[in-house]
Structure formats: structure tokens, C-alpha cells
Amino acid sequence: AQSVAQPEDQVNVAEGNPLTVKCTYSVSGNPYLFWYVQYPNRGLQFLLKYITGDNLVKGSYGFEAEFNKSQTSFHLKKPSALVSDSALYFCAVRDIGSSGSARQLTFGSGTQLTVLP
Amino acid sequence: DTAVSQTPKYLVTQMGNDKSIKCEQNLGHDTMYWYKQDSKKFLKIMFSYNNKELIINETVPNRFSPKSPDKAHLNLHINSLELGDSAVYFCASSQGTGGYLLATGELFFGEGSRLTVL
């Protein structure tokens, strides 16, 4: 069964500092990994995804994520945090089952990022 | 234009009532979903509807029934509402119906429908 772990419920960082939101995953097939952001009282918005190729993927709002196959991780990063980055961040994984059908997208429990001015 | 729209945004009702939430997407996507987000912000897939095939999550009570009149719409009907049904329900859509396209396509979410059962 596929699973996603976000070990930190809360991450606090000062504005201007680099930020990292951690994610590890477990799948049986090739992992397809996603990050989403949720602002208060809003739906989830797609930030970036890893499908194949370069391990460093760049996404919206200056975010990037690094795929590490040996550590089964896909941490979200940003070089310089903004107060407006404060939100709930979800990591998600999907793979393809032995029948060739896509399994359902599985979300982590979410990490609340707070950027302090 | 809103890509994925849900109505109503807020729904307050009594236990035992029946209610529906509507969802429409104008992205031309082939697959639509319903997710439930509980008070701790956990997201759980409830249903996905893919090329006329409904995939049911076995943990969803049969009081919940999705209905898709066409591929742009996926409505959620809930019978005999219970207190534990209180949550935010999100509709989403994605491109593709096959294995690889479906697995690698990102989801587009609606703004959510907050259901409160009293």
C-alpha cells in the first residue's frame, strides 16, 4: 500500500530564511510525487510534481522540491521565505498498480508553515 | 472563470436530513473526485469517477452516493446525515483516464463545501 509521511505538523521560519517542509513516501511502483498548498478556507492548489528526470523540480511561487530515491523523500524547499507563504502544505504520492491502473492519490497529513515577520 | 466550482460553499443542516453538493469543472478533464477533509485537516479520497467508471472507496458509508450526469459534473448526495459527516468536502478533477496519464496528472480542486450537521 502506498503511504506518505510528513513528520512535522508545524514548521516556523523567519521571513527571508530558507524553508524546508519534509516528506517521505512508500510505494511499490515508480512514485509520482506532488506538493499542494492550502490557504485558510480555500481549496488545495498544485505547486509542483516529480514524474521522472531531473531530481530537482521547480514549481510555483519560487518553490522547489528534491526527489531522493534512496531516502524515499521529496522535501519542499524555498531559498527565502515570505510571510505570504504561511499556509498548510500537503505532500502526495501516486503510482501505477500491477494491473496498469493508477492507484488513488494519497496525501500526507499536512504541515502548517508559519513565516514570521 | 472558475475551473472547478462547488455549491453550496456552506451547508448547515439537522441530523437525519438528506443533502446534495454539486460540482462542475470546465477544464475538459476526464476524471473527477470527491475528498473529505476532517477537522484535523486530513484528506481522504471518497470517490473517483473516471470515464464512466465509478471507483468507490470501501470505507465510505453507502449513505454517500455520487452521481455524474456527464463528465463535467460530479454531484455528491448524502442521506440520513450524521454528526460525524461534518467536514469540508472537496471536489477535484484531473486529466487522463489511463494508468500513466492519470497517475501523473495534477488535481485541480474546488474551494470546498463546509458541511455542518447539528
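Residues numbered from 1 in each chain as written. Chains lettered and ligands numbered in written order. Predicted model: local features only at pLDDT ≥ 70, side-chain atom pairs only at ≥ 80, totals over all residues. Heavy atoms only, no water.

(A) Fine view of the overall build of chain A. Counting its secondary structure elements, chain A contains zero helices and 12 strands. Taken from N to C terminus, the helices and strands of chain A fall in the order β-β-β-β-β-β-β-β-β-β-β-β. For 117 residues, the compact-globule estimate of 2.2 N^0.38 gives 13 Å, and chain A sits close to it at 14 Å. Based on the C-alpha atoms only, the size of chain A along its principal axes is roughly 50 × 30 × 20 Å. When each of the 117 residues of chain A is scored for burial, the buried share is 47%. (Helix = DSSP H or I, 4+ residues; strand = E, 2+ residues; numbered from the N terminus. Rg over C-alpha atoms; globule rule 2.2 N^0.38 Å. Buried < 20%, exposed > 50% of the residue type's maximum accessible area, 1.4 Å probe, protein only.)

(B) Representation of the interface of chain B and chain A. With 24 residues of chain B at the interface, the matching set in chain A holds 23 residues. Regarding the contact of chain B and chain A, the summed buried area is about 2000 Å², with carbon and sulfur atoms giving 57% of it. If you sort the residues of chain B by the area they bury against chain A, Leu-43, Ala-103 and Glu-106 of chain B come out on top, with a joint share of 24%. Scanning the region where chain B abuts chain A turns up two salt bridges. Note that Arg-42 of chain A and Glu-111 of chain B form a salt bridge whose closest N and O atoms lie 2.4 Å from each other. Remark: the boundary between chain B and chain A carries eight residue pairs in polar contact (both at pLDDT 80 or more). (Contact = heavy atoms within 4.5 Å. Buried area = accessible area lost by both parts, 1.4 Å probe. Salt bridge = Lys/Arg side-chain N within 4 Å of Asp/Glu carboxyl O. Polar contact = N/O pair within 3.5 Å; in protein donor to acceptor, adjacent residues only side chain to side chain.)

(C) Here's a closer look at the sheet that holds strand 1 (residues 4-7) of chain B. All names here are of chain B. If you trace the four strands from one edge of the open sheet to the other, you get 1-3-8-7, paired in antiparallel fashion. The strands lining the two open edges of the sheet, one partner per strand, are strand 1 and strand 7 (64-70). Mean inter-strand twist for the sheet, computed between neighbouring axes without regard to direction, equals 20 degrees. Inspection of the sheet shows strand 7 paired to strand 8 (residues 73-78) by five bridges, in the antiparallel sense. Residue Pro-66 lies in a different strand from strand 8, and its bridge partner there is Leu-76. (Pairing = 2+ DSSP bridges. Axes fitted to C-alpha atoms, helices over the stretch in contact; angles between N-to-C directions.)

(D) The arrangement of the pattern of salt bridges in detail. Residue and element names in this part refer to chain B. A complete count under the given rule lists nine salt bridges over all chains for this structure. The residue Lys-71 makes a salt bridge to Asp-30 at a minimum N-O spacing of 2.9 Å. With a gap of 41 residues between them, Lys-71 in the loop between strand 7 and strand 8 and Asp-30 in the loop between strand 3 (19-25) and strand 4 (31-37) connect regions that are remote in the sequence. Notably, a salt bridge pairs Arg-63 with Asp-85, separated by 2.8 Å at the nearest N-O pair. One end of the pair, Arg-63, is in the loop between strand 6 (53-56) and strand 7; the other, Asp-85, is in the loop between strand 8 and strand 9 (87-94), with 22 residues separating them in the sequence. Arg-63 sits in the buried class, given a relative accessible area of 14%. Given a relative accessible area of 3%, Asp-85 falls into the buried group.

(E) Up close: the layout of surface pockets. The calculated volume of the largest pocket comes to roughly 500 Å³. The wall of the largest pocket is formed by 29 residues, among which Gln-38 and Leu-88 of chain A together with Gln-37, Asp-38 and Lys-41 of chain B lie closest to the centre. For the lining of the largest pocket, the secondary structure elements donating two or more residues are strand 10 (87-94) of chain A together with strand 9 and strand 11 (113-117) of chain B. (1 Å grid on protein atoms, 1.4 Å probe; cavity = no way out; pocket = protein on both sides within 12 Å on 5 of 7 lines; lining within 4 Å. Points joined across faces, edges and corners; volume = space filled by probe spheres on them.)

(F) Region of interest: the nonpolar core. Judged by nonpolar contacts, the single largest core of 27 residues is most densely connected at Trp-35, Leu-47, Leu-48, Phe-74, Leu-76 and Tyr-89 of chain A. Mapped by element, the contributors of at least two residues to this core are strand 2 (10-14), strand 3 (19-21), strand 5 (32-38), strand 6 (44-50), strand 8 (64-68), strand 9 (73-78), strand 10 and strand 12 (111-116) of chain A. Discounting residues that sit within four places of it in the chain, Leu-47 of chain A has contacts with Trp-35, Tyr-36, Val-37, Gly-59, Ser-60, Tyr-61, Phe-63, Leu-76 and Tyr-89 of chain A. Phe-34 of chain A together with Val-88, Ala-103 and Phe-109 of chain B belong to the second-largest nonpolar core, a separate cluster that totals 22 residues. (Core = buried A, V, L, I, M, F, W, Y, C linked by side-chain atoms within 4.5 Å.)

(G) Looking closely at the state of the cysteines. For the structure shown, the criterion picks out two disulfides over all chains. Here Cys-23 of chain A pairs with Cys-91 of chain A through a disulfide, and the sulfurs are 2.0 Å apart. Taking the sign of the torsion about the S-S bond as the criterion, the disulfide between Cys-23 of chain A and Cys-91 of chain A, at about -65 degrees, is left-handed. In this pair, Cys-23 of chain A sits in the loop between strand 3 and strand 4 (24-26) while Cys-91 of chain A sits in strand 10, placing the two residues 68 residues apart along the sequence. As far as burial versus exposure is concerned, Cys-23 of chain A and Cys-91 of chain A are alike and both buried. Linked covalently through their sulfurs, Cys-23 of chain B and Cys-91 of chain B form a disulfide whose S-S length is 1.8 Å. Its S-S torsion of approximately -75 degrees makes the covalent link between Cys-23 of chain B and Cys-91 of chain B left-handed. Here Cys-91 of chain B lies in strand 9 and Cys-23 of chain B lies in strand 3, a separation of 68 residues in the sequence. Grouping residues by exposure puts Cys-23 of chain B and Cys-91 of chain B together as buried. (Disulfide = S-S within 2.5 Å.)

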